[in-house]
Amino acid sequence: MLGVTAILAAALTFGVSPGLALAVDPPVATANVLLDPVARSLNLSGVQNARDVGGYRTADGHTVRTNLVFRTAALGSATTADVAALAAHNVVSVHDLRTNYEQLLNGADKIPAGAAEHHDDIMGGASPLAGLSTASSAANAYPQFITSPGANAGFADVLRDIAYNNGGVLFHCTAGKDRTGWAGAVLLTLLGVDKDTVYYDFMLSSFYRNAAPGDVNNGVTAAELDSAFDQANKSYGSFANYVSNGLELTAADIAALKAKMLA
């Protein structure tokens, strides 16, 4: 069982090295994409897939504010300049979505002085390795972002922090593409961003990680995100029910989230 866990951890963990020149094209932008991938990037030299979550237009014409929420890969290899850049972006809260196993494997985050650290063990729950043991690939892990014991509480913690925190909030897993990708997709969907644009944001991970189409070790696929949305519908009947009954976000939480994030 540990061998299978290690395989999945590797799939969720390892990819091309930070700073490697990109050789793949970004996904095709929708009309609601307001920032190109270059402008969206945080340009961190030691951390992959580091970007602003804002800069999208919602279906009802609002704009998701920039410089408030960020998503990255793990911060253990952040350079001194990277940490300074996060501080300059007013990152005051960091959510680590990794398991205890991954934290031991890859090391602690390097974050701005004084920033709050949160460990939201999405795949672990009560046991550091629970939730990983039955999956043989990253693709099979996506439904567990809804069903694992620690998942709902972890994602809800991130979203509530974004809603009520006056400073910048950053969330990450190891590669910044799977658990982080679902957190980003849930956030943008809650804010009213259309499905195609939500998928565009999700698929940017393959671009920033220089992953060829279909490479689920280094990148992501639309089918993976499909499987998470499908599991939310299967478990709760609808995405709205997943938000209210799974994540237990209230109408006030969502209103606060939109008040902070939408212009």
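Coordinates for the structure precede this section.
Rules and cut-offs
Residues numbered from 1 in each chain as written. Predicted model: local features only at pLDDT ≥ 70, side-chain atom pairs only at ≥ 80, totals over all residues. Heavy atoms only, no water. Buried < 20%, exposed > 50% of the residue type's maximum accessible area, 1.4 Å probe, protein only. Helix = DSSP H or I, 4+ residues; strand = E, 2+ residues; numbered from the N terminus. Axes fitted to C-alpha atoms, helices over the stretch in contact; angles between N-to-C directions. Parallel < 35°, antiparallel > 145°, perpendicular 65-115°, else oblique. Left-handed = near helix turned anticlockwise from the far one by under 90°. Contact = heavy atoms within 4.5 Å. Nonpolar A, V, L, I, M, F, W, Y, C, P; charged D, E, K, R; others polar.

Describe unusual backbone geometry, with residues and values.
Here the phi dihedral of Asn49 falls at roughly 55 degrees; this positive angle occurs in a residue that is not glycine. The exposure class assigned to Asn49 is buried, which follows from its relative accessible area of 3%. Of note in this structure, Asn90 is not a glycine but carries a positive phi near 60 degrees. Relative to the helices and strands, Asn90 resides in the loop between α3 (80-88) and β3 (91-96). Judged by its relative accessible area of 42%, Asn90 falls in the partly exposed class.

Give a detailed account of the packing of helix α7 (residues 151-164) against helix α12 (residues 251-261), specifying residues and quantitative values.
The contact between α7 and α12 brings their axes to 7 Å, and the two run at 55 degrees. Between α7 and α12, the angle is such that the two are oblique. Every pair of crossing elements has a handedness; the one defined by α7 and α12 is left-handed. Along the contact surface, α7 presents Leu159, Arg160, Asp161, Ile162, Ala163 and Tyr164, while α12 presents Ala252, Asp253, Ala256, Leu257, Lys260 and Met261. Taken together, the residues of the contact of α7 with α12 break down into eight nonpolar, no polar and four charged.

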